[in-house]
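Chain by chain, the residues:
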Amino acid sequence: MNQNPYKSVQINSNQRVSLVDIPETSPIPAVLLWIFLSFTFVLAFINSLQEQVPGFGNVILVTVGAVISQFPGLAVAELYRRKPTRIRFLFLAPAFLVSQISIFGYLLLVMAGQLQTVDNAAQMHVFLVPILLIIFTAGVYLLAAIIAGVIAWPNHGRQ
């Protein structure tokens, strides 16, 4: 019994079709987000070593803190891959926005090199940037949830 994993979709000439309507989705968004997360992890690790964060446990803590903000995006990408909906598609944009801002921010920090001496307040960014990324991520996803709620409200109760 050889079953075809690809379903055929009948499209009439008066139907609108978008990528969101196609039931078979690829894992490409999730794979891209994992690559971006890995890149951010490496950049944050390099930056914490450049700034000579005391203790290897603190280096790992700072590095993991730098990528925690990207985990909601990975969850959204996996949910979208399993069952694509317009609302879940709406949450992919914040996932990519957060990952790109993380990469860009840490790339700038790594390119700047060690800022000052080890006992300087200029090193606060090592601990402050992950906290700011988490706050930014919460704000972006809250905004996306509000937009999704506004979009879904007129269709509430209608099937």
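To keep things clear, this report deals only with the structure shown in the data block. (Residues numbered from 1 in each chain as written. Predicted model: local features only at pLDDT ≥ 70, side-chain atom pairs only at ≥ 80, totals over all residues. Heavy atoms only, no water.)

## Description of the nonpolar core
Stated precisely, the cut-off is as follows: Residues belong to one nonpolar core when they are buried, are Ala, Val, Leu, Ile, Met, Phe, Trp, Tyr or Cys, and are joined through side-chain atoms within 4.5 Å. Partly exposed residues are those whose accessible area sits between 20% and 50% of the maximum for their type, while under 20% is buried and over 50% is exposed, using a 1.4 Å probe and protein chains only. Under the DSSP-based scheme used, a helix requires at least four consecutive residues in state H or I and a strand at least two consecutive residues in state E, with every element numbered from the N terminus. The contact criterion used throughout is that any non-hydrogen atoms of two residues lie within 4.5 Å.
If you look at the biggest cluster of nonpolar residues, it comprises 23 residues, and the most contacted ones within it are Leu33, Phe91 and Tyr106. Secondary structure elements with two or more residues in this core: helix H1 (28–50), helix H2 (56–67), helix H3 (71–82), helix H5 (92–112) and helix H6 (125–152). For Tyr106, the contacting residues outside a window of four places in its chain are Thr40, Leu43, Ala44, Ala66, Val129, Pro130 and Leu133.

## Concerning the side chain of Ser99
Inspection of the secondary structure assignment puts Ser99 in helix H5. For Ser99, a relative accessible area of 1% gives the class buried. The contacts of Ser99, once residues within four sequence positions are left out, are Leu33, Phe36, Thr40 and Gln70.

## Thoughts on the packing of aromatic side chains
Inclusion rule: Working definition: a ring pair exists when centres of Phe, Tyr or Trp rings (six-membered ring for Trp) sit within 6.5 Å. Plane angles under 30 degrees give stacked, over 60 give edge-to-face, the rest tilted.
Per the counting criterion, the structure on display carries four aromatic pairs. Between Phe45 and Phe56, the ring centres sit 6.3 Å apart and the planes meet at 80 degrees, which makes this aromatic pair edge-to-face. Residue Phe45 is found in helix H1, and its partner Phe56 is found in helix H2; the two are separated by eleven residues along the sequence. Take Phe45: its relative accessible area is 24%, and that puts it in the partly exposed class. Judged by relative accessible area, Phe56 falls into the exposed class, the value being 57%.

## A word on the pattern of salt bridges
Using the following cut-off: Each reported salt bridge corresponds to a side-chain nitrogen of Lys or Arg within 4 Å of a carboxyl oxygen of Asp or Glu.
Enumeration according to the criterion identifies two salt bridges in this entry. When the shortest N-O distance is used, the salt bridge between Arg81 and Glu78 registers 2.7 Å. Residue Arg81 and its partner Glu78 are both found in helix H3; the two are separated by three residues, about one turn of the helix. For Glu78, the salt bridge goes to Arg82, with nearest N and O atoms at 2.9 Å. Pair noted here: Glu78 and Arg82 are both in helix H3, with a separation of four residues, about one helical turn. Residue class for Arg82 comes out exposed when judged on its relative accessible area of 63%. Connected via shared salt-bridge partners are Glu78, Arg81 and Arg82.

Shape is all these values report; function is a separate question.
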